[in-house]
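The primary structure of each chain is shown beneath.
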Amino acid sequence: MLKTQEFTLNMGPQHPATHGVFRLLLHLDGETVVKAEPIMGYLHRGIEKLAESRTYTQVIPYTDRLDYLAAMLNNLGYVQTVEKLMGIEVPERAEYVRVIVSEMSRLASHCLATGAYALDLGAFTGFMFPFREREKLMDMFEMICGSRMTFNYMRIGGVADDLPEEFYPAIKKFLKEFPACVDEYDGLITGNEIFQARTKGVSVLSSKKAIQYGMSGPVLRASGINYDLRKKRPYGVYDKFDFEVPVGENGDCFDRYNCRVLEMRQSHRIIEQALERLQELPEEEPLNAKVPKVIKPPKGEVYHEIEGAKGVLGYNVISDGTVNPYRVHVRRPSFINLSLIDEMCRGWKVADVVAIIGSLDIVLGEVDC
Amino acid sequence: MENLFTNLAGSLRAALESTGLPAILTDTSMTMVKLTAILVFILLNALWLVYMERKVAGYIQFRPGPNRVGPKGLLQTTADIGKLMSKEVVIPKQADKVLFLLAPALVFAPPLMVFAVVPFGENMAAIDMNIGLFYFLAVASLSTVIFWMAGWSSNNKYSLLGGMRVVAQMVSYELPLVLSILGVVMITGTLNISEIVRSQQGIWFIFAQPLAFLIFFIAGVAECNRAPFDLAEGESELVAGPFTEYSGMGFAMFFLAEYASALVISFMCAILFLGGWLAPFGMTFIPGWIWMFLKVYLVMFLIMWIRWTYPRIRVDQLMGFGWKVLVPLSLANIFVTGLVMKIFKMLGW
Amino acid sequence: MFGEGLIKGLTITWKSLIGKKITVLYPDEIYSLPDRFHGKFRFDKDACISCGMCVRACPNKVITLETEKVAKKKRILKYEMDIKYCLFCGLCVESCPKDALGYEKDFEMCQYKWEKLPMVFVDEEPLPAEEKERLEEEAKKAAEAKKAAQEAAKAKAAEDASQGKEG
């Protein structure tokens, strides 16, 4: 009787396809995955703990380092949480600026997810195309706040600075070019038969399971559940925009990928509308709410969540009335989306594991926190 | 111009004969000279192809490609090879040392041996073998063993997986490769490569056998482990497949051999389907070997272009594609070719 | 369906193959940095009032500020940024009330030696005691002189006013 033996394969912590220092211990039968054990914590920096010894404002640069691919959204989530705790009303102009930069951040993150997914499946050029647009976005971020990835742009009660003069022509040019670029991704990556063969029907995540495990973001929506906080529980001024929430049908890798591409188009629409409204507002309107110099929120606890690039990004801030938060907890979507990795990988080939991790779009800064 | 190299060889032979050497020695030294020339040719081409690949990749990805070392970055590969030579060859502790070191040394042999029968132009084959095509098929598949040696001896799970993939892939793509050529062989009735080229005077086989060309091209790309069939290397899943543990010159040898085998496939495409050294549209003022070269580089560019466009196929899909699509198609091609030939014969053409 | 997407992909890459290249060839072409670029820090010693806002704003305790008080004025002895811990978040620059802190458009802060990493903007010895005393004395005198002058001016003004009344 011929017997085969299982063997283990360490995928990571240093591996080209794990999107950072993530280790996946694969039990393989030939090329087929029998079991996948995720092992994380290689990038753990204890940001939640660090936040306890910082003032409320000083936490903002640390939130940049959670999901460093969409740092504006992290900023936004934290800042809105503290505002909720203190009951601060943010001026309308600041809200629009926030929407613009956070949707740009979502675009940047999805650009990277799309590109890196193509790279995971072996199409190097598919990696470079979205990166070209991401580069333009980062240049604009640099104009706005001086940094390309770790922005620290939002402040409690508003934003750090007004949008600079040179930003407006740049974003207008970008918005004009962007739809054609997404068409290019569609032609180069989405429409490619090999790509579809690699992703369609791979690792189907049922909507029931997705809800049970608390999946969120494009991963949840790909399973056919129309749940986007921007629509369901609008925060900021998101209720004033006209956009759609792309929903997948099958919940396979292709849908998860495609959801992101479709979301890019919607983000593009939101930015266009927000920019229009922002320019209609009078210049004199303030950018910051009246906030005391030393931020001392009243005693209490608050939980607030926004729709991050990877999913529902929630912040839980507990205040004991001092200048430092008593506890900051972050609901990191990447971490929670990763919880089903074992089940999703079982029975698929090694090459599919790469496709599955890529379709979940994890960022290790956020997984390990 | 047309007979530049044949004349050179002829005068060299005459010079050797005039020194009064016995005939067998003359023949041997002539063969040696030819083979050395081929070796130099392949190595130079491999160097150039690495550069070209990087340039093409760069241009496709909005980058200028290598542009610092030498004029237009032409010396980039040379510099890289120099760097790799100066690196330590790390041998893993648990590796099978002999096989581990033997694999990169041998990896160049199969493509090199194939080139012995490849005609670079009219009468420009080092050895004009009458079973040249058969020899090509036999020798080209030898590299399977070498990749497997590298994969097995590294004692690394990634290498092992890569090695297994190479064997599975090469064995299953050998079949459509052979079957697709059969159509050509049936028409020409010969296995001599030069004869096959000559019989394309009337019509190139890419027009007579388009399906066979497609199958041959796909199977050929798979044979030399190029994207989208670069499963063996499978960078995003298997790190570097059988080459994971290699460093320094060992790695460089694999790297260059990849281009050498891609060159073999390009040559074969040009010879079997694109009319070899025959000039299209009667443009005979350009020598045949330049035509040959142009056609080879056209195919080479096509391979590169495809590599930098497509994602990688999965291993089971690769097998399925090979056995369920390419093999039946090539069999059908043989059948149709035979049928048409029979009909033509009946019609008395 | 079959092959269509493959061909389309090839046409897209062909377009990019012959299209414009977008790489900035870095050392030859310098990428122009925006005005708000968070680069190397600029410190204006004369503008600084040693209020310590930047020290308090910093989340990572990067800035060391040491002062001594000479004649009721704060004198900066040491202003150092331990750049290896810096997040470049910009909170210090934002908190500065006198714009003494700022950025330069320079991001090349690499150092060969570990010890050279901290950016030292001011590093001065505390003044010797005599010098301090002398300065204090001077300041006192100056203050007295000023006070006297002020009083004189006041007196004069009063005088002028009274004269004006008389006149």
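Structural notes, computed from the coordinates. Since the structure is predicted, the reported quantities are computational estimates derived from the model, not experimental observations. (Residues numbered from 1 in each chain as written. Chains lettered and ligands numbered in written order. Predicted model: local features only at pLDDT ≥ 70, side-chain atom pairs only at ≥ 80, totals over all residues. Heavy atoms only, no water.)

1. Section: the overall build of chain B
Secondary structure summary: chain B contains 15 helices and zero strands in total. For 349 residues, the compact-globule estimate of 2.2 N^0.38 gives 20 Å, and chain B sits close to it at 21 Å. With respect to the three principal axes, the spread of C-alpha positions in chain B is 65 × 60 × 45 Å. In chain B, which comprises 349 residues, the proportion classed as buried is 54%. (Helix = DSSP H or I, 4+ residues; strand = E, 2+ residues; numbered from the N terminus. Rg over C-alpha atoms; globule rule 2.2 N^0.38 Å. Buried < 20%, exposed > 50% of the residue type's maximum accessible area, 1.4 Å probe, protein only.)

2. Some words on helix H14 (residues 350-360) of chain A
The element H14(A) is largely enclosed, with a buried count of 11 among its 11 residues. Asp361(A), located one to two residues past H14(A), shows a positive phi value of around 55°.

3. Let's talk about the interface of chain C and chain B
Across the boundary between the two partners, chain C contributes 15 residues, which contact 14 residues of chain B. Three residues stand out in chain C for area buried against chain B, namely Leu10(C), Leu17(C) and Lys21(C), and they jointly supply 38% of the buried area on that side. Taken together, chain C and chain B are joined by one salt bridge. Taken together, chain C and chain B are joined by nine residue pairs in polar contact (both at pLDDT 80 or more). (Contact = heavy atoms within 4.5 Å. Buried area = accessible area lost by both parts, 1.4 Å probe. Salt bridge = Lys/Arg side-chain N within 4 Å of Asp/Glu carboxyl O. Polar contact = N/O pair within 3.5 Å; in protein donor to acceptor, adjacent residues only side chain to side chain.)

4. A closer look at a negative patch on the surface
Taken together, the side chains of Glu130(C), Glu133(C), Glu136(C), Glu137(C) and Glu144(C) make up a negatively charged region of the molecular surface. Given a relative accessible area of 38%, Glu136(C) falls into the partly exposed group. (Patch = residues over 30% accessible without salt bridge, like charges linked within 9 Å, V, L, I, M, F, W, Y side chains within 5 Å. Areas by Shrake-Rupley, 256 points an atom, 1.4 Å probe, with all protein chains shown as cover. Lys, Arg positive; Asp, Glu negative; His and termini not counted. Charge placed at Lys NZ, Arg CZ, Asp CG, Glu CD.)

5. Remarks on the pairing of strand S7 (residues 312-319) of chain A
All names here are of chain A. Buried residues dominate S7, accounting for seven of its eight residues. Here strand S6 (residues 300-307) runs beside S7; their pairing, made up of eight bridges, is antiparallel. Across the sheet, Ile 306 pairs through a bridge with Leu 313, a residue of S7. Between S6 and S7, which follow one another and run antiparallel, lie four residues, and Gly 311 among them has a positive phi close to 155°. In this structure, S7 lies alongside strand S8 (residues 325-331), joined through six bridges in antiparallel fashion. Pairing of Val 317 across the sheet is with Val 328, part of S8. Hairpin geometry of S7 and S8 is characterised by an intervening segment of five residues between the two adjacent antiparallel strands and by a positive phi of about 90° at Gly 321. (Pairing = 2+ DSSP bridges.)

6. Description of the nonpolar core
Membership of the largest hydrophobic core comes to 128 residues, with the highest contact counts inside it found for Met104(A), Tyr153(A) and Leu163(A). Counting residues per element, this core draws most heavily on helix H4 (residues 92-120) of chain A, at 12 residues. Non-local contacts of Leu163(A), meaning those with residues more than four positions away in its chain, are made with Val97(A), Ile100(A), Val101(A), Ile144(A), Tyr153(A), Tyr168(A), Leu278(A) and Arg36(C). Residues Ala95(B), Phe147(B), Ile193(B) and Ala262(B) belong to the second largest nonpolar core, which totals 104 residues. (Core = buried A, V, L, I, M, F, W, Y, C linked by side-chain atoms within 4.5 Å.)

7. Section: H4(A)
Residues and elements named next belong to chain A. With 29 residues, H4 should reach 42 Å at 1.5 Å per residue; the first-to-last C-alpha distance of 41 Å fits that figure. Taken across its 29 residues, H4 has 28 buried, putting it largely inside the fold. Trailing H4 by a residue or two, Gly 122 shows a phi angle of about 95°, which is positive. (Expected span 1.5 Å × (residues − 1).)

8. Concerning the sheet that holds S6(A)
Residues and elements named next belong to chain A. The strand order across the open sheet built from three strands is S6-S7-S8, with neighbouring strands paired in antiparallel fashion. The sheet is open, and its two borders are formed by S6 and S8, each paired with just one other strand. On average, adjacent strands in this sheet sit at an angle of 15° to one another, irrespective of strand direction. Against the sheet, helix H3 (residues 71-86) touches S6 and S7, its axis set at about 145° to S6. (Axes fitted to C-alpha atoms, helices over the stretch in contact; angles between N-to-C directions.)

9. What to know about the interface of chain B and chain A
Listed as interface residues are 23 residues of chain B and, on the opposing side, 35 residues of chain A. When chain B packs against chain A, close to 2,600 Å² is buried across both sides, 63% of that on carbon and sulfur atoms. In terms of surface lost to chain A, no three residues of chain B exceed Phe62(B), Pro311(B) and Arg314(B), which account for 23% of the buried area on that side. Taken together, chain B and chain A are joined by two salt bridges. The salt bridge involving Arg165(B) is made with Glu31(A); its shortest N-O contact spans 2.5 Å.

10. A few points about the packing of helix H11 (residues 210-223) of chain B against helix H15 (residues 315-347) of chain B
All names here are of chain B. As a packed pair, H11 and H15 sit with axes 10 Å apart at the nearest point and diverge in direction by 150°. As far as their axial angle goes, H15 and H11 are roughly antiparallel. Considering how the two elements wind past one another, H11 and H15 form a crossing that is left-handed. Counted together, Leu 211, Ala 212, Ile 215 and Ile 218 of H11 and Phe 321, Leu 326, Leu 329, Ser 330 and Asn 333 of H15 form the full contact between these two elements. Its residues placed into classes, the contact of H11 with H15 shows seven nonpolar, two polar and no charged. (Parallel < 35°, antiparallel > 145°, perpendicular 65-115°, else oblique. Left-handed = near helix turned anticlockwise from the far one by under 90°. Nonpolar A, V, L, I, M, F, W, Y, C, P; charged D, E, K, R; others polar.)

11. Digging into the layout of surface pockets
Empty space within the largest pocket amounts to approximately 1,000 Å³. Around the largest pocket sit 32 residues that line it, and Arg132(A), Glu135(A), Lys136(A), Ile22(C) and Thr23(C) are the ones nearest its centre. Only helix H5 (124-145) and helix H6 (167-190) of chain A together with helix H1 (4-18) of chain C provide two or more residues apiece to the lining of the largest pocket. Each residue belonging to the lining of the largest pocket can be placed in one class, and the counts come to 14 nonpolar, six polar and 12 charged. (1 Å grid on protein atoms, 1.4 Å probe; cavity = no way out; pocket = protein on both sides within 12 Å on 5 of 7 lines; lining within 4 Å. Points joined across faces, edges and corners; volume = space filled by probe spheres on them.)

12. Regarding the sheet that holds strand S2 (residues 23-29) of chain A
Residues and elements named next belong to chain A. Spatial strand order, S1-S2-S3: three strands in an open sheet with antiparallel pairing. At either margin of the open sheet sits one strand with a lone partner, and together these are strand S1 (7-11) and strand S3 (32-39). Averaged over all neighbouring strand pairs, the angle between strand axes comes to 25°, with direction disregarded. Pairing between S1 and S2: five bridges, direction antiparallel. Across the sheet, residue Met 11 finds its bridge partner in S2, namely Leu 24.

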